[in-house]
Every structure is written in structure tokens, then in C-alpha cells.
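Given next are the chains, with one letter for each unit.
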Amino acid sequence: AAIQSMVPFLQNANNLTELELCNNNIQSEGFNSLFRALQNSPIEELDCSGCGIKTIEIDNEHIPKHLAVLNLKNNNINADGCRRLARLLMKGGAAITSLDISHNQIDDDGVAF
């Protein structure tokens with residue numbers, strides 16, 4: 001709910017290149033809303049470590065175009081979430097050069113994708 005109140009600001013923050021939301025309990029719904037809100041922003045670095053994220057439900061049309069660094073460590077992303085993230089990044093449209101998904105719930109099935 002708190003992220004939803006930030007969406008109008010984030011959609012109009014034309015100078016915001018880095019956003020750190022570490023250790024906030026935005027969970028999956030908040031992360032997915034946030035990612036969609038940042039789609040046309042100049043954001044280059046997004047840190048959502050320790051935010052209680054389990055699933056990632058975003059299509060490739062909603063990847064922030066300038067995002068280069070994505071930190072999702074210390075969440076609860078499982079094998080399914082890892083597969084969804086991999087598919088999303090493989091479809092193109094992402095400029096991500098650094099991705100941190102350490103300390104999640106990803107098992108051998110998630111890594112095998």
C-alpha cells in the first residue's frame with residue numbers, strides 16, 4: 001500500500017537515477033508495482049534487498065529501460081521466481097549489467113533454468 005502512494009511521484013521523478021528500498025517490507029506486490037511505475041524513468045540502480053519479495057510478476061514491457069543494477073538479495077525468491085526473472089531478462093529490453101539474487105530461496109531447479 002505504501003508503494004502505491006509513491007507511484008505518482010516515481011512516474012514523474014525525471015532526475016531519479018538510484019532508488020534504495022533496502023529492508024522495507026514492500027513484498028512481491030509492492031516490488032511488482034514499483035517496477036511497473038519505473039518503466040519510463042531514468043532509474044539506473046534499484047536496491048530492493050531484504051524486502052520480503054517472493055514472486056516476480058512483470059512482463060518485459062515493464063522493465064525500466066535504463067536499469068543497469070538490480071539488487072534483490074536477502075529476499076524469499078524461490079525457483080519459480082528465479083525462472084520468471086530469467087525469462088524476463090532473456091526477452092530483451094533490459095540493460096541490466098549487475099544482478100544480485102544471493103541469499104534467496106533458490107534451489108537447484110531455479111539455477112538449472
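Residues numbered from 1 in each chain as written. Predicted model: local features only at pLDDT ≥ 70, side-chain atom pairs only at ≥ 80, totals over all residues. Heavy atoms only, no water.

Trainee: What is the right way to look at the overall build of the chain in this model?
Mentor: Helices and strands together make up the secondary structure of the chain, namely four helices and four strands. Along the chain, helices and strands appear, N-terminal first, in the series α-β-α-β-β-α-β-α. The C-alpha atoms of the chain give a radius of gyration of 13 Å, which matches the 13 Å a tight globule of 113 residues would have. If you line up the chain on its principal axes, its C-alpha atoms span 40 × 30 × 20 Å. Put simply, the chain has 113 residues, and 37% of those count as buried. Partitioning the contacts of the chain with sequence separation of at least 6, the portion at a separation of at least 24 is 75%. As displayed, the chain has an accessible area near 6,200 Å², and 43% of this comes from carbon and sulfur atoms. Seen as two clouds, the 8 positive and the 14 negative side-chain charges of the chain have centres 7 Å apart. (Helix = DSSP H or I, 4+ residues; strand = E, 2+ residues; numbered from the N terminus. Rg over C-alpha atoms; globule rule 2.2 N^0.38 Å. Buried < 20%, exposed > 50% of the residue type's maximum accessible area, 1.4 Å probe, protein only. Contact = heavy atoms within 4.5 Å. Areas by Shrake-Rupley, 256 points an atom, 1.4 Å probe, with all protein chains shown as cover. Lys, Arg positive; Asp, Glu negative; His and termini not counted. Charge placed at Lys NZ, Arg CZ, Asp CG, Glu CD.)

Trainee: How should the sheet that holds strand β3 (residues 69–71) be read in this particular structure?
Mentor: In any sheet, the strands associate via hydrogen bonds between backbone groups, in a parallel or an antiparallel arrangement. Taken in spatial order, the four strands line up as β1-β2-β3-β4 in an open sheet, and their pairing is parallel. One side of each edge strand has no neighbouring strand; the edge strands of this open sheet are β1 (18–20) and β4 (98–100). Adjacent strand axes in the sheet meet at a mean angle of 0°, parallel and antiparallel pairs treated alike. Where strand β2 (residues 45–47) and β3 come together, three bridges link them in parallel fashion. Bridging across to β3, Leu-46 finds its partner in Leu-70. Sheet strands touched by helix α2 (residues 27–37): β1, β2 and β3. Its angle to β2, the strand with the most contacts, is close to 170°. (Pairing = 2+ DSSP bridges. Axes fitted to C-alpha atoms, helices over the stretch in contact; angles between N-to-C directions.)

Trainee: Help me understand the packing of helix α1 (residues 2–11) against α2, please; the structure alone is not making it clear to me.
Mentor: The axes of two packed helices give the description: the angle between them and the distance between them. At a minimum axis distance of 9 Å, the contact between α1 and α2 shows a crossing angle of 15°. In terms of orientation, α1 and α2 fall into the roughly parallel class. Between α1 and α2 the crossing geometry is right-handed. Within the contact between the two elements, α1 uses Ile-3, Gln-4, Val-7, Leu-10 and Gln-11 and α2 uses Gly-30, Ser-33, Leu-34 and Ala-37. Grouping the constituent residues of the contact of α1 with α2 by class yields five nonpolar, four polar and no charged. (Parallel < 35°, antiparallel > 145°, perpendicular 65-115°, else oblique. Left-handed = near helix turned anticlockwise from the far one by under 90°. Nonpolar A, V, L, I, M, F, W, Y, C, P; charged D, E, K, R; others polar.)

Trainee: Explain the packing of aromatic side chains here, please?
Mentor: Geometry of an aromatic ring pair is reported as the spacing of the ring centres plus the angle between the planes. For the structure shown, the criterion picks out one aromatic pair. Ring geometry for Phe-31 and Phe-35: centres 5.1 Å apart, planes at 40°, overall tilted. Remark: Phe-35 and Phe-31 occur in helix α2; sequence separation between them is four residues, near one turn of the helix. Across the pair, Phe-35 and Phe-31 agree in class, each one buried. (Phe/Tyr/Trp six-rings, centres within 6.5 Å; stacked < 30°, edge-to-face > 60°.)

Trainee: Even after reading the chapter, I still don't get the environment of Asn-15, so can you show me in this structure?
Mentor: Relative to the elements of secondary structure, Asn-15 occurs in the loop between α1 and β1. Look at Asn-15 and you get exposed, because its relative accessible area is 75%. Distance from Asn-15 to Pro-42, taken between C-alpha atoms, is 6.8 Å for residues 27 residues apart in sequence.

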